[in-house]
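Descriptive analysis of the structure
The primary structure of each chain is shown beneath.
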Amino acid sequence: MIRSGARPELKKKRVDHKKTQFAKATYKENDYPHRLSLYDIPPTAEISLEEFETWAIDRLRILAEIESCSFRNRSPQETVAHLEPLLKKHMPLSNNSAAAGGQVDQRLRDERKKDHYSHWILRLAFCRTEDLRRRFARVETMLFRMRFQQDEGREKKAFIDSLNLHWEVVAEDEKLELSEHLLASTPGLRRIDDESFFKVDWTRVPELVEHRGVYLRKGKAYVPMRDQTSMIMTEFTRNLEKALELSSRALPRMDEDDRLTPILDHLSKNFATPDAGFHDSESSLPGAPINAANVDNLSQHFPLCMKNLHTTLRKNNHLKHFGRLQYTLFLKGIGLSLEDCLVFWRQAFKNITDDTFNKEYRYNVRHVYGDVGGDANRRGRGYSPYSCQKILTEHPPGTGEAHGCPYRHFNIDNLTSMLQATGVYDRDVLKGVKEDVEKMRFHIACNRVFEWAHKTEIKKVKDENIWGPGELDTIVHPNTYFKRSYLLKNLNSIPKQDVKMEDT
Amino acid sequence: MPHAISDMEADVPSSPPESTSQNHDVELPAAPEATAATTNKVALEDIFNDEVSDSDLLTSTADIPSSPPTAKDNHRGQDVASARSGQAESYSDPSVMLQYYTRLFPFRPLFLWLNASPSPSPRFANREFAFTLSNDAYLRYQSYPSHDLLRRDILRLNPSRFEIGPEYSTNPRDRKTLRKASTFRPLSKEMVFDIDLTDYDDIRTCCVKANICEKCWKFATMTIKVLDAALREDFGFEHILWVYSGRRGVHAWISDKEARELDDDKRKALVGYFEVLRGGVQGGKRVNVRRPLHPHIRRSMDILRPYFTQILVEQEPFLSQSGQDRLLQLLPDKDLNDALRKKWSSSPDRPSKKKWDDIDELAKTGVSKNLDTKALLEAKQDALLEYTYPRIDVEVGKKRIHLLKSPFVVHPGTGRVCVPITCGGDMKRADLFDPLTVPTVTELLREIDSFGQKNEEEQGTSQEDSNRHENSNQKKVLDWEKTRLKPYYELFNGYVNKLVKSQTTSLKRERDEDGHNGADAMEF
């Protein structure tokens, strides 16, 4: 059993020892009347070290799975379907109605206790760095949202009522007065009588505001009852972020006896990014002629996003900021040296003077390579090349911009004509791409094109057993696309040993 | 439009030939820096028929009664003279800029604005300033406890322009002494919007890139109107300042307390609220608004509709083949499109307005058997939005740490001062604004000089602004009052005063609520 000293120190503040020394420890067991919780009260009961670890690991498994779903761009429905069995196995959390007579029984209480404690343990593990905090808050919010949406209507209402959120209900006459606007700004609502509204500062429902899903007047948002989810999510994230920040400050002062720290360390390390990270080893293409003059030639191995950037660059002799960034990082990733990269850009920007280039562009390229900039940037040798995930989700291209992913950001006609222009004329492939894109599975579309373009080579390496299945995994990084394409097309010219070496 | 502006500036002493010759200036695109010298020579000769006497005037700056001679002034005057004797001036001429900062730049109003109160506070002291020096070096993380120190440093560094960043949690100058880098973070900044006319390049046919004219400035005016209305009515902001960026853009600065304190997520949401056009031209249909139309979209369309007709006439967006194809791409009905294409192919020069009207006319004749009139109407609404709705540079608004050029800075490329366009929801003013008549720094300096000369001539006779000199002849006419900067200066001052006042009263109210007496509240 863990002694009190090992418990989160947040608890200590709440207890006035003088008064409670002989009192009954009322804080000891939480009652858990609701399935969901904003986790605002820290756990106070004692648990064993083993429970401490296994509960945390179970929750971590779920969170890691949620994160990987979001990286793969799965839709919410797909994510739910994927997680359902896992949740049932590792972190079941039942509705009150699951118990006999709707009364919270011991089983429910245990489930909720595990949920509660594991959340708080992971808070300790993930409050250490800004990055971990951000990711933890993000996936916890996703988990919470998923559970909230599945929650049963009546219980959901009871839970919300228990939160005390101070929402001002819109009076009937005001509602009627604004009915036209309210109807127009609430998607799917036909009759004003069907819905009741409450008003809050717009800053409490940024999600709704961003998508114009709510009526705004003088800084107040008129939120329909059913959009509470958005508000509760915001509330949840806000609470959690604040709490994590506080925990991180309290952590060094935690009275810790070398038993929890190793566990927490271990946990936080296991939350490694499943994001297709880019490793230096991935770029090594021994003997490949990668230099500024050869980029045009190499571009036949580029994925569509980079081909698009390349052709746009050649056509306009210019690229806008995010295009330059995405492309420079990619070039860095394929192993183009900084000197060559600078030469490449200088030559590509035909319409500007050396002076302008040195003033406006040179620094950025060097920054990307980690040649200049802050200490952290230099030590990390600049940023890593963008993965598909990043390209798909960040900074959608605007007017005159060529970055992003053509599968996602082009409409189907433009995409098709671009594919045809790059030599993809097979009708089945184009049809498959269209279907993939409609299902928002952009990376599958890209992989489909890759497999078609390299079908003979892939068959060869499969038949001759040169490459293991691991080498032919789904591509989720433009640099992987390039490297695999290059290797496949140069199977004969590259000594077999090299390929073998990568296998191990 | 320039006509209207000069009405507004009726009390500004500017010689009549100058204001008429401004129309010459209108024809001239903003010259890139490299060629400024030669182009300007021609332009300036047009504008000021006697350049020789002009430069004489500048040399004799020190003799002008309105600015009493001091050793420093004398020195500066010579600087200017020597700099100008070589060749025609350039806008980034350091001595011209130094003169401008010394005599015209409104440091105190700028301080009051950023500080939102007359007593010094971290809102100003921890605020980042970033300078672009004349050798193009970029100096970030500068901060100053007061406007005097800011002024002194600007006179020392003489930047070609400078930008304003957020207020940080600690003094930006001390950021490296902090033990943990994470304790240095932005706290607050005015909510800003950045509109750049190059974002309209796929629909404006009159100009490209950095050039602008009266026609495409309409896009900026439309943007101001749409955003201003929404920011006021929907978000309840009051202190919104619209500033001309000096060349081809507009900046909005929202200084309400609530706006300054928005975090990055809220800023993103706010910017998202205004985002209607998504994706590039490659992405197909760019406007996909939900039906029924959100009240913001509906109101925006009401504002934009009259402009759309003007845009059709002035920009002729559907005249070219590609423009016409783009329009057809936006319409839903295939049969109707075929009919339209056929009709237009016979008269390739058909104006855009006619083409737009053709859509409804042909639809009525029933060329398409199963025409969905509702879909057509919606497609037409979407098209209207695509050709008129504001296009905002979203990245600038999303982050607190983003720097934005300060108002009243001189644009190094055009020499024009980044003057405020309007504030307080005065859309008439926005209508009247003409970027091409905005004074350039060299014009302003000359106006100061010619004002002094005129005064000398008028000495003894009744003066137009004698009421300002009422009690003593010694009372100075401030330099900015002698120039065309005056109306802009007054606009800015009015805006700042209102902001300061509202901040103090809200402070007072807060204190009253706390049970304190507000009697000792600050007065101005």
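Residues numbered from 1 in each chain as written. Chains lettered and ligands numbered in written order. Predicted model: local features only at pLDDT ≥ 70, side-chain atom pairs only at ≥ 80, totals over all residues. Heavy atoms only, no water.

Chain B goes by DNA primase in an unreviewed UniProt entry, where it is assigned to Lithohypha guttulata. Recorded under Sequence similarities (unreviewed entry), the UniProt text for chain B is reproduced unchanged: "Belongs to the eukaryotic-type primase small subunit family." (UniProt positions renumbered as here; feature names shortened; annotations may be inferred.)

As annotated in an unreviewed UniProt entry, chain A carries the name DNA primase large subunit and is attributed to Lithohypha guttulata. Quoted straight from UniProt, the Function (unreviewed entry) entry for chain A says "DNA primase is the polymerase that synthesizes small RNA primers for the Okazaki fragments made during discontinuous DNA replication." In UniProt, chain A has this text filed under Sequence similarities (unreviewed entry): "Belongs to the eukaryotic-type primase large subunit family."

Residue and element names in this part refer to chain B. Relative to strand S2 (residues 138–142), strand S1 (residues 127–132) is paired through 3 bridges, and the arrangement is antiparallel. Within the sheet, the bridge partner assigned to Phe 131 lies in S2 and is Leu 139. Here S1 hands over to S2 after 5 residues, with Asp 136 in that stretch at a positive phi of 75°. (Pairing = 2+ DSSP bridges. Helix = DSSP H or I, 4+ residues; strand = E, 2+ residues; numbered from the N terminus.)

At the junction of the two partners, chain B supplies 37 residues and chain A supplies 31 residues. Interface area for chain B against chain A, summed over the two sides, is near 2,700 Å², with a carbon-plus-sulfur share of 55%. Remark: the boundary between chain B and chain A carries 2 salt bridges. We note a salt bridge from Glu 210 of chain A to Lys 268 of chain B, for which the minimum N-O separation is 3.5 Å. Joining chain B to chain A, the criterion identifies 12 residue pairs in polar contact (both at pLDDT 80 or more). When contributions to the side of chain B that touches chain A are tallied by element, the ones reaching two or more residues are helix H10 (214–233), helix H12 (264–273) and helix H13 (295–315) of chain B. Split by residue class, the side of chain B that touches chain A holds 14 nonpolar, 10 polar and 13 charged. (Contact = heavy atoms within 4.5 Å. Buried area = accessible area lost by both parts, 1.4 Å probe. Salt bridge = Lys/Arg side-chain N within 4 Å of Asp/Glu carboxyl O. Polar contact = N/O pair within 3.5 Å; in protein donor to acceptor, adjacent residues only side chain to side chain. Nonpolar A, V, L, I, M, F, W, Y, C, P; charged D, E, K, R; others polar.)

Burial of helix H6 (residues 94–103) of chain B is extensive: 8 of the 10 residues sit out of reach of the surface. Within the sequence span of H6 of chain B, burial applies to Ser 95, Val 96, Met 97, Gln 99, Tyr 100, Tyr 101, Thr 102 and Arg 103 of chain B. (Buried < 20%, exposed > 50% of the residue type's maximum accessible area, 1.4 Å probe, protein only.)

Right, let's talk about the packing of aromatic side chains for a bit. All names here are of chain A. The tally for this structure, following the rule as stated, stands at 55 aromatic pairs over all chains. Geometrically, the ring pair formed by Tyr 327 and Phe 330 is stacked, given 6.5 Å between the ring centres and 10° between the ring planes. Within this pair, Tyr 327 and its partner Phe 330 are both found in helix H16 (residues 321–334), separated by 3 residues, close to a single helical turn. Among the residues examined, Tyr 327 registers a relative accessible area of 0% and is labelled buried. Judged by its relative accessible area of 1%, Phe 330 is buried. Look at Tyr 425 and Trp 452: their rings are 5.7 Å apart centre to centre, the planes differ by 85°, and that puts the pair in the edge-to-face class. Within this pair, whereas Tyr 425 is found in the loop between helix H22 (412–421) and helix H23 (427–438), its partner Trp 452 is found in helix H24 (residues 442–453), the two being separated by 27 residues in sequence. (Phe/Tyr/Trp six-rings, centres within 6.5 Å; stacked < 30°, edge-to-face > 60°.)

Moving on, we come to helix H26 (residues 478–489) of chain A. All names here are of chain A. With 12 residues, H26 should cover 16 Å at 1.5 Å per step; its first-to-last C-alpha distance of 17 Å lies within 8% of that length. Extensive coverage of H26 is indicated by the burial of 10 of its 12 residues. Inspection of H26 places Pro 478, Asn 479, Tyr 481, Phe 482, Lys 483, Arg 484, Ser 485, Tyr 486, Leu 487 and Leu 488 among the buried residues, and these make up the whole buried set. (Expected span 1.5 Å × (residues − 1).)

Residues and elements named next belong to chain B. With antiparallel pairing, 4 strands are arranged side by side in an open sheet as S5-S7-S6-S9. Two strands bound the open sheet, and with one partner strand each, they are strand S5 (191–196) and strand S9 (420–423). Mean inter-strand twist for the sheet, computed between neighbouring axes without regard to direction, equals 15°. One ladder, built from 6 bridges, connects S5 with strand S7 (residues 249–254); its direction is antiparallel. Looking across to S7, one finds that Phe 193 is bridged to Ala 252. (Axes fitted to C-alpha atoms, helices over the stretch in contact; angles between N-to-C directions.)

All right, on to the nonpolar core then. When a protein is soluble and globular, its nonpolar side chains tend to lie buried together. Trp 202 of chain A together with Tyr 100, Trp 113, Phe 129, Phe 193, Phe 235 and Phe 274 of chain B are the most contacted members of the largest nonpolar core, which totals 184 residues. Sequence-distant contacts of Phe 235 of chain B, that is, excluding residues within four places in its chain, are made with Trp 202, Val 209, Leu 216, Lys 218 and Gly 219 of chain A together with Ala 230, Leu 270, Tyr 273 and Phe 274 of chain B. In this structure, Phe 302, Leu 430, Phe 442 and Leu 488 of chain A belong to the second largest nonpolar core, which totals 65 residues. (Core = buried A, V, L, I, M, F, W, Y, C linked by side-chain atoms within 4.5 Å.)

This next bit is on the sheet that holds strand S1 (residues 168–169) of chain A. Residues and elements named next belong to chain A. Judged by pairing direction, the sheet is antiparallel, and its 4 strands sit side by side in the order S1-S2-S4-S3 without closing on themselves. The sheet is open, and its two borders are formed by S1 and strand S3 (215–217), each paired with just one other strand. Where strand S2 (residues 197–201) lies against strand S4 (residues 220–224), 5 bridges are found, and the strand directions are antiparallel. What sits directly across from Phe 197, in S4, is Pro 224.

Among the surface-exposed residues, Arg 249 of chain A together with Arg 179, Lys 180 and Arg 185 of chain B lie close enough to one another that they form a single positively charged patch. Here Arg 179 of chain B is to be found in the loop between strand S3 (161–168) and strand S4 (186–188). Overall, Arg 179 of chain B belongs to the exposed group, its relative accessible area being 82%. (Patch = residues over 30% accessible without salt bridge, like charges linked within 9 Å, V, L, I, M, F, W, Y side chains within 5 Å. Areas by Shrake-Rupley, 256 points an atom, 1.4 Å probe, with all protein chains shown as cover. Lys, Arg positive; Asp, Glu negative; His and termini not counted. Charge placed at Lys NZ, Arg CZ, Asp CG, Glu CD.)

Further remarks concern the packing of helix H4 (residues 76–90) of chain A against helix H6 (residues 130–150) of chain A. Residue and element names in this part refer to chain A. Axis separation between H4 and H6 bottoms out at 12 Å; the angle between their running directions is 90°. Considering their axes alone, H4 and H6 lie roughly perpendicular with respect to each other. Contacts between H4 and H6 involve Thr 79, Val 80, Leu 83, Glu 84 and Leu 87 on the former and, on the latter, Leu 143, Met 146, Arg 147 and Gln 150. (Parallel < 35°, antiparallel > 145°, perpendicular 65-115°, else oblique.)

Once that is clear, we can look at the pattern of salt bridges. Under the definition given, this model contains 59 salt bridges over all chains. Residue Glu 207 of chain A is joined to Arg 145 of chain A by a salt bridge in which the shortest nitrogen-to-oxygen separation is 3.8 Å. Of the two residues, Glu 207 of chain A is situated in helix H10 (residues 206–210) and Arg 145 of chain A in helix H6; the sequence distance between them amounts to 62 residues. Residue classification places Glu 207 of chain A among the partly exposed positions, given a relative accessible area of 35%. Judged by relative accessible area, which is 27%, Arg 145 of chain A ranks as partly exposed. As a salt-bridge pair, Lys 353 of chain B and Asp 357 of chain B come within 3.0 Å of each other at their nearest N and O atoms. One end of the pair is Lys 353 of chain B and the other is Asp 357 of chain B, both in helix H16 (residues 352–365) and 4 residues apart, which spans about a single turn. In this structure Lys 353 of chain B comes out as partly exposed when scored by relative accessible area, which is 28%. Judged by its relative accessible area of 32%, Asp 357 of chain B falls in the partly exposed class.

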